[in-house]
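Below are the chains, spelled out letter by letter.
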Amino acid sequence: MPPTNPESFRLTVLNPGGRDPEQEFRSVPGPGEGGHPPINFHAFAACTFGAFHRDTRHALGEKTPVLLLLRSDFRASERALAELKQEGRSVAVSLKETGLHQIAQKLRDSATLARFIKIVTQADACIATTPETAEIYQRVRSPETVTFMPTPYPIEDQRWDFSVPGDEQSGIFIGTREWGVPSRNHFAALLIARQLCETTGEAVTVVNLDGYKGRRLLGELHFPERRLQLIEKWKSYPDYLRDVARHKIVLQLDRSHVPGQVAGDALLCRIPCVGGDGAIERIAFSKMCGEGRTINEIASMALDLLKNPELREAVVAESQERARERLSFETVRLGLAKLFTNVQGASTLDPQKVSAAL
């Protein structure tokens, strides 16, 4: 029977055979509480006060609808889907890694591709965390059973407000860190940042987890003396957000069409995110994102933001409003409840009505 009250809807996210510990979300954890922070796919469980599991038996024990993640070579996901369907669970599926370069790399193996098509076809629905992934699913199964749903962020929870006063903010935070992934455009972002640093005197912060190799590459760019700051150790998510929040802007040129955690982090920090094309950035920072814009245009926008505190405040205000409308825990919880209500009622509804409801 379909859920009757969206407010009481609970979802289990299953990452079969994954490495993340299993986690119950009886409430939304605050910064540093519990295990994994309520972001990315954990956020779908957290926003519904559900659970995140890696063991199918434990997921079945929740007696709730399931969002099944497709990971690795999809073997474990295929087995999990069969078990869940045998027990009568409603199951939506989603690729765990949804950047276009990640999908292309994953599906270049024929056996993995065959499993992907089988799983997507047999599931009750697909949840896409990017518009591009939704379009892929829609060419494998009925478009009416595919929904684009960005990963939510606890925007409405004051405990997750990491903002700092404007007069305590300085510098540019580089949102990317992968030199070897072409679509990240990390090198080009660093070149823009160096130019902005030379023009404005603003320092640049880069996450370098490549040790000596990364430092050597950065050294070749010859940033102005003492204007390049490195983060070279893993930090807890709250501590990382505190570092991000002390900057004026986040800058990137990522063209991977990812869900957009970099922009989600910027939302929690209440600072502008400029230049990427992740789903969250296109929603919350649409006037500053990289979709359809040249590198020169992005550099110009970044310069304006660095020089104009009123502009930064306006961009943040607009991004928060858009996030509350599209990305908040409440909004996504209601969307998930609606999706699974339609899925569970599909067998007794006219297909055209189901399509209209979705």
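Further up the page is the structure itself.
Residues numbered from 1 in each chain as written. Predicted model: local features only at pLDDT ≥ 70, side-chain atom pairs only at ≥ 80, totals over all residues. Heavy atoms only, no water.

A separate point is the overall build of the protein. Regarding its fold elements, the protein presents 15 helices and twelve strands. Relative to the globule expectation of 21 Å for 358 residues, the C-alpha radius of gyration of the protein, 21 Å, shows essentially globular dimensions. With the C-alpha coordinates of the protein rotated into their principal frame, the extents come out at 65 × 45 × 35 Å. Counting across all 358 residues of the protein, residues that qualify as buried make up 52%. In the structure as shown, the protein presents an accessible area of about 16200 Å², 49% of it carried by carbon and sulfur atoms. For the protein, the centre of its 45 positive side-chain charges and the centre of its 45 negative side-chain charges are spaced 4 Å apart. (Helix = DSSP H or I, 4+ residues; strand = E, 2+ residues; numbered from the N terminus. Rg over C-alpha atoms; globule rule 2.2 N^0.38 Å. Buried < 20%, exposed > 50% of the residue type's maximum accessible area, 1.4 Å probe, protein only. Areas by Shrake-Rupley, 256 points an atom, 1.4 Å probe, with all protein chains shown as cover. Lys, Arg positive; Asp, Glu negative; His and termini not counted. Charge placed at Lys NZ, Arg CZ, Asp CG, Glu CD.)

Look at helix 12 (residues 295-307): 19 Å from first C-alpha to last across 13 residues, which is about the 18 Å you get at 1.5 Å a residue. Taken together, the buried positions of helix 12 are occupied by Ile298, Ala299, Met301, Ala302, Leu305 and Leu306. Axial view of helix 12: buried residues confined to an arc of 165°, hence all on one face. Exposed residues on helix 12 whose side chains face more than 90 degrees from its buried face are Asn296 and Lys307. Contact partners of the buried residues in helix 12: strand 8 (172-174), helix 7 (186-200), strand 11 (249-251), strand 12 (273-274) and helix 13 (309-326). (Expected span 1.5 Å × (residues − 1). Arc of directions from axis to C-beta. Contact = heavy atoms within 4.5 Å.)

What follows concerns the side chain of Arg270. Tracing the backbone shows Arg270 in the loop between helix 10 (261-269) and strand 12. Within the structure, Arg270 has its side chain in polar contact with the backbone oxygen of Leu268 (distance 3.2 Å). Side-chain polar atoms of Arg270 contact the side chain of Gln320, separated by 3.3 Å. The contacts of Arg270, once residues within four sequence positions are left out, are Ile155, Trp160, Asp161, Ser163, Val316 and Gln320. (Polar contact = N/O pair within 3.5 Å; in protein donor to acceptor, adjacent residues only side chain to side chain.)

For residues that are not glycine, phi is negative in most cases, and the peptide bond is trans in most cases. Of note in this structure, Asn40 is not a glycine but carries a positive phi near 55°. The phi dihedral of Arg226 is positive, around 65°, even though this residue is not glycine. Overall, Arg226 belongs to the exposed group, its relative accessible area being 74%.

Applying the stated criterion across every chain, the model contains 21 salt bridges. The partner of Glu202 in a salt bridge is Lys248, and the shortest N-O contact between them spans 2.5 Å. Residue Glu202 is located in the loop between helix 7 and strand 9 (204-207), and its partner Lys248 is located in the loop between helix 9 (237-245) and strand 11; the two are separated by 46 residues in the primary sequence. Assessed through its relative accessible area of 11%, Glu202 is described here as buried. Note that Arg322 is salt-bridged to Glu318, the shortest N-O span being 3.3 Å. Taken together, the positions of Arg322 and Glu318, both in helix 13 and four residues apart, correspond to about one turn of that helix. (Salt bridge = Lys/Arg side-chain N within 4 Å of Asp/Glu carboxyl O.)

This brings us to the packing of helix 9 against helix 10. Two elements in contact, helix 9 and helix 10, have axes separated by 9 Å at closest approach and are oriented at 75°. Taken together, the axes of helix 9 and helix 10 lie roughly perpendicular to each other. Along its contact with helix 9, which presents Tyr237, Tyr240, Leu241, Val244 and Ala245, the element helix 10 presents Gln261, Asp265, Leu268 and Cys269. (Axes fitted to C-alpha atoms, helices over the stretch in contact; angles between N-to-C directions. Parallel < 35°, antiparallel > 145°, perpendicular 65-115°, else oblique.)

This part takes up the nonpolar core. Buried together is how nonpolar side chains tend to be arranged in soluble globular proteins. Of all hydrophobic cores here, the largest spans 52 residues; its most connected members are Leu251 and Phe285. In contact with Phe285, other than residues within four places in its own chain, are Ala263, Ala266, Leu267, Ile271, Pro272, Cys273, Ile280, Val315 and Ser319. (Core = buried A, V, L, I, M, F, W, Y, C linked by side-chain atoms within 4.5 Å.)

Turning next to the sheet that holds strand 2 (residues 23-24). Pairing is mixed in the open sheet, where seven strands are placed in the order 2-3-1-4-5-6-7. Where the open sheet ends on each side, the last strands, each with one partner, are strand 2 and strand 7 (146-148). Bridging between strand 2 and strand 3 (residues 51-53) involves two bridges; their strand directions are antiparallel. Residue Glu24 lies in a different strand from strand 3, and its bridge partner there is Ala51. (Pairing = 2+ DSSP bridges.)

Between its terminal C-alpha atoms helix 5 (residues 110-122) stretches 18 Å, which fits the 18 Å expected from 13 residues at 1.5 Å a residue. Buried residues along helix 5 sit in contact with strand 4 (66-70), helix 3 (75-86), strand 5 (91-95), helix 4 (100-106), strand 6 (125-128) and helix 6 (131-138). A side-chain oxygen of the first residue of helix 5 lies 3.2 Å from the backbone nitrogen of Ala111; this N-cap is Asp109.

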